[in-house]
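# Coordinates in review
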Amino acid sequence: MTDRARILVVDDEMGPRESLRMILKPRHDIATADSGEAALRTLKSFHPDLIFMDIKMPQMDGIELLRRIKGIDPSIEVVMITAYASLETVKNALTHGAFEYLIKPFSRQDLEETVRRALARRQTELGTRNQLTSLVDEMRALSGRRATSRRRPAASRRNSRSA
């Protein structure tokens, strides 16, 4: 079992895809996909914590892929990457749940800082979800005990109080 974060890099162009893979692989487990369809297939077996994806891809663009990923697992953080940023595209990506939007070219430092912040947010959200799940389970257990004590015969309840 590894505690390394899993990052999926999705880009239809091999150069940028491989550059990101090489930069990120020393610290993270990396998978790559050359299309939206390939990314969706990879999700099933790789279970990434974070996805970097190009916005402009043939067949399925980054916004459509983002929608589908968030529909499958809303806790996955997604960073959109593009050389062609418009205010409308940025707004659209953020509205559909993208963590951030990086504009090419970006520095290695910007990339690593974005990874750090995205993974920290995912850990915080997963921790909060786990805490909520635990609280709900505890409440259900307490409700079950209370319902059980109400079902005991009245004489039994009186005897236990006077003891």
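Please refer to the structure higher up on the page.
Each chain has its residues counted from 1, running along the sequence as written. Under the rules for a predicted model, residues below a pLDDT of 70 receive no local features and side-chain atom pairs below 80 are neither given nor counted, while totals for whole chains, interfaces and linings still include all residues. Neither water nor hydrogens contribute to the side-chain values; these are computed over all heavy atoms in the structure.

## A closer look at helix α1 (residues 14–24)
Every buried residue of α1 is accounted for by R17, L20 and L24. Seen end-on, α1 carries its buried residues on one side only, within an arc spanning 70°. Whether a residue is buried, partly exposed or exposed follows from its accessible area with a 1.4 Å probe, protein chains only, as a fraction of its type maximum: under 20%, in between, or over 50%, in that order. Helical segments are the DSSP runs of H or I of at least four residues, strand segments are the runs of E of at least two, and each set is numbered from the N terminus. Directions drawn from the helix axis to the C-beta atoms are what define this arc.

## Let's talk about the nonpolar core
Grouped together as the largest cluster of nonpolar side chains are 24 residues, with contacts concentrated most on V10, I51, M53, L65, I69, V78 and M80. Top element by residues in this core is helix α2 (residues 36–46). It accounts for five residues. Leaving out residues up to four positions away in the same chain, I51 has contacts with L8, V10, L43, I69, I76, E77, V78 and V79. Definition of nonpolar core: a set of buried residues of the types Ala, Val, Leu, Ile, Met, Phe, Trp, Tyr and Cys, connected through side-chain atoms within 4.5 Å. The next biggest cluster of nonpolar side chains, apart from the first, holds 15 residues, and it includes L20, F52, F99 and L111. By the convention used here, residues are in contact when the closest approach between their heavy atoms is within 4.5 Å.

## Let's talk about the pattern of salt bridges
For side chains of opposite charge, pairing can occur when their charged atoms come near one another. Salt bridge, as used here, is a side-chain nitrogen of Lys or Arg placed within 4 Å of a carboxyl oxygen of Asp or Glu. Tallied over the entire structure, the rule returns 13 salt bridges. Residues R21 and E18 are paired through a salt bridge, measuring 2.8 Å at the closest nitrogen-oxygen approach. Here the residue R21 and the residue E18 both occupy positions in helix α1, the gap between them amounting to three residues, near one helical turn. Residue E18 is classed as partly exposed on the basis of its relative accessible area of 25%. Residue E100 is joined to R117 by a salt bridge in which the shortest nitrogen-to-oxygen separation is 2.4 Å. A residue pair is termed long-range when its members are at least 10 positions apart, and E100 in strand β5 (residues 100–103) and R117 in helix α5 (residues 108–151) qualify at 17 residues.

## Let's talk about α2
Within the sequence span of α2, burial applies to G36, A38, A39, L40, T42, L43 and F46. Taken together, the buried residues of α2 touch β1 (6–10), β2 (29–33), β3 (50–54) and α3 (62–72). Downstream of α2 by a residue or two, H47 has a phi angle that is positive, lying close to 50°.

Purely geometric numbers; function is a separate question.
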